[in-house]
Amino acid sequence: MKFVILFLFSCIMLNVINCNPVELVSLTNKRDDSGQFLSRYKLDDGTGEEKMGKLLPNDEGQDAILVQRGSYTTNVDGRLITYNWIADTRGFRISKA
């Protein structure tokens, strides 16, 4: 049991030592009564996410459909890569910017 605890503690400490914390540079969260929203954040390492959405009436005129689009930037092997996406009645689609 002591070995298991020591092993887990060692793993946690190695992760903490190798961790490079990032700081939040900007943050936006906006919503309105009609169902529209905008949410975005950016970190000091260049990564981040942006998404927006709005409610649109469906074809039958009843209820509504949430249509969203956005992008996210991630770090892959030291390079920043941005992906754009959309989610609507045709499904979820993603593309590299």
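Quick caveat: nothing in here was measured; it's all calculated off a predicted structure.

Caption draft 1: Structural context of the sheet that holds strand 6 (residues 91–96). Within the open sheet, the six strands sit side by side as 1-2-3-4-5-6. Their pairing is antiparallel. Two strands close off the open sheet at either side, each with one partner strand: strand 1 (24–31) and strand 6. With strand direction ignored, the average angle separating the axes of adjacent strands in the sheet is 10°. Looking at chain direction, strand 1 and strand 2 (residues 37–43) are connected through seven bridges and run antiparallel. Along strand 2, the bridge assignment pairs threonine 28 with arginine 40.

Caption draft 2: The arrangement of the pairing of strand 2 in detail. The turn joining strand 1 and strand 2, which pair antiparallel and follow one another in sequence, is formed by five residues; a positive phi near 95° is taken by glycine 35. Across six bridges, the pairing between strand 2 and strand 3 (residues 48–57) is antiparallel. What sits directly across from serine 39, in strand 3, is lysine 51. Here strand 2 folds back onto strand 3 in antiparallel fashion, the turn holding four residues, of which glycine 46 has a positive phi close to 95°.

The rules we used
- Residues numbered from 1 in each chain as written.
- Predicted model: local features only at pLDDT ≥ 70, side-chain atom pairs only at ≥ 80, totals over all residues.
- Heavy atoms only, no water.
- Pairing = 2+ DSSP bridges.
- Helix = DSSP H or I, 4+ residues; strand = E, 2+ residues; numbered from the N terminus.
- Axes fitted to C-alpha atoms, helices over the stretch in contact; angles between N-to-C directions.

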